[in-house]
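Single-letter residue listing:
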Amino acid sequence: NAPTPERAPDPLEASFAAAILRSPRLLQADKHRVHDEFQHAGLRALIHHVATGKTAEDALFETSGVLKTSLERAARELPGDDDVLEAFFAAACRKLKLRRVEEQLAYIAKVAGRLHGANDLTGDTRRLIEQRVELLELKKKLV
């Protein structure tokens, strides 16, 4: 059995990480900690290394070739000006968080659809409803 080839990271997540590698201080602007929810484990590890004070070179040392290629591509597309980079990063944070909220809302709708018809509200169902309300409020703030 041949090993499964590594999947390239989501382009928006790669852009987020490339911005962090260029300017680690941007990580402070990630108020919702969207990087904790990245789909690509390599990106999560890379950002963790940067967050703990490692240089970009040290953080990239153990990164796979697929991930390095994605990060290089993303870095070439980043704005050159620092102020524009900050605005780009803030928009990326908002888009990534909004995407995650949409995924969670879709999941809740799917689970609630299966529970539809149950006469009593279980604790789990009540928690899902409360979570949905919180997510909808967060979505309104993000949009």
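Residues numbered from 1 in each chain as written. Predicted model: local features only at pLDDT ≥ 70, side-chain atom pairs only at ≥ 80, totals over all residues. Heavy atoms only, no water.

### Section: the overall build of the protein
Note the cut-off: Secondary structure elements follow DSSP: runs of H or I no shorter than four residues count as helices, runs of E no shorter than two count as strands, and numbering proceeds from the N terminus. Here the globule rule reads 2.2 Å times residues to the power 0.38, and the radius of gyration is calculated from C-alpha atoms. Contacts between residues were defined by any pair of non-hydrogen atoms, one from each residue, lying within 4.5 Å. Here the Shrake-Rupley method, with its probe set to 1.4 Å, supplies the accessible areas, and only the displayed protein chains count as covering residues.
Within the protein one finds 6 helices and 0 strands. Along the protein, helices (α) and strands (β) appear in the sequence α-α-α-α-α-α when read from the amino end. For 143 residues, the compact-globule formula gives about 15 Å, and the C-alpha radius of gyration of the protein, at 18 Å, lies well above that figure. Here the C-alpha coordinates of the protein stretch approximately 55 × 50 × 25 Å along the principal axes. Contacts in the protein between residues at least 24 apart in sequence constitute 76% of all its contacts with a sequence separation of at least 6. Accessible area for the protein stands at about 9400 Å²; split by element, carbon and sulfur atoms hold 52% of it.

### Let's talk about helix 1 (residues 11-22)
Condition: Here a helix's expected span is defined as the number of its residues, less one, multiplied by 1.5 Å. Working definition: with a 1.4 Å probe on protein chains only, accessible area under 20% of the residue-type maximum means buried, over 50% means exposed, and in between means partly exposed. For the purposes of these results, a polar contact is taken to be a pair of N or O atoms within 3.5 Å, where, inside protein, one atom must be able to donate a hydrogen and its partner to accept one; residues adjacent in sequence count only when each atom of the pair is a side-chain atom.
In a regular helix each residue adds 1.5 Å, so 12 residues correspond to 16 Å; helix 1 covers 16 Å between its end C-alpha atoms and thus fits that length. Counting buried residues along helix 1, 10 of its 12 residues qualify, which places the element largely inside the surrounding structure. Regarding helix 1, the residues found buried are Leu12, Glu13, Ala14, Ser15, Phe16, Ala17, Ala18, Ala19, Ile20 and Leu21. A side-chain oxygen of the first residue of helix 1 lies 3.0 Å from the backbone nitrogen of Leu12; this N-cap is Asp10.

### Description of the confidence of the model for the protein
Put simply, the rule is: Summary of the metric used: pLDDT quantifies the predictor's per-residue confidence within the range 0 to 100.
Considering every residue of the protein, the mean pLDDT works out to 87; 91% of them sit at 70 or more. Confidence scores differ between elements of the protein, with helix 6 (residues 123-142) showing the lowest mean pLDDT of 80 and helix 1 the highest of 95.

### Structural notes on empty space enclosed by the protein
How we decide: Cavity: a set of points on a 1 Å grid over the protein atoms alone where a 1.4 Å probe fits but cannot get out. Pocket: an open set with protein on both sides within 12 Å along at least five of seven lines, its lining residues, like those of a cavity, having an atom within 4 Å of a point. Grid points are joined across faces, edges and corners, and a volume is the space filled by probe spheres set on the points. Residues are sorted three ways: Asp, Glu, Lys and Arg are charged, Ala, Val, Leu, Ile, Met, Phe, Trp, Tyr, Cys and Pro are nonpolar, and all the rest, Gly among them, are polar.
Across all of its chains, the model carries 1 cavity of 30 Å³ or more by this definition. Its boundaries defined by the atoms lining it, the largest cavity holds a volume of some 100 Å³. Taken together, Glu13, Val34, Glu37, Phe38, Gln39, Leu96, Arg99, Arg100 and Glu103 form the lining of the largest cavity. Of the residues forming the lining of the largest cavity, the biggest block, 4 residues, is contributed by helix 5 (residues 82-115). For the lining of the largest cavity, the residue count by class is 3 nonpolar, 1 polar and 5 charged.

### Overview of the packing of helix 1 against helix 2 (residues 41-51)
Rules: Only the stretch in contact is used when fitting a helix axis, every axis being a line fitted to C-alpha atoms; angles between N-to-C directions are given from 0 to 180 degrees. Geometric relationships in this document are graded by angle, where less than 35 degrees denotes roughly parallel, more than 145 denotes roughly antiparallel, 65 to 115 denotes roughly perpendicular, and other angles denote oblique. Should the near helix be turned counterclockwise from the far one by less than a right angle, the crossing is left-handed, whereas a clockwise turn marks it as right-handed.
The geometry of helix 1 relative to helix 2 is characterised by a closest axis approach of 10 Å and an angle of 20° between their N-to-C directions. Considering their axes alone, helix 1 and helix 2 lie roughly parallel with respect to each other. Crossing angle aside, the handedness with which helix 1 passes helix 2 is left-handed. For the pair helix 1 and helix 2, contact is made by Glu13, Ala14, Phe16, Ala17, Ile20 and Leu21 and by Leu43, Leu46, Ile47 and Val50, respectively. A class-by-class count of the residues in the contact of helix 1 with helix 2 yields 9 nonpolar, no polar and 1 charged.

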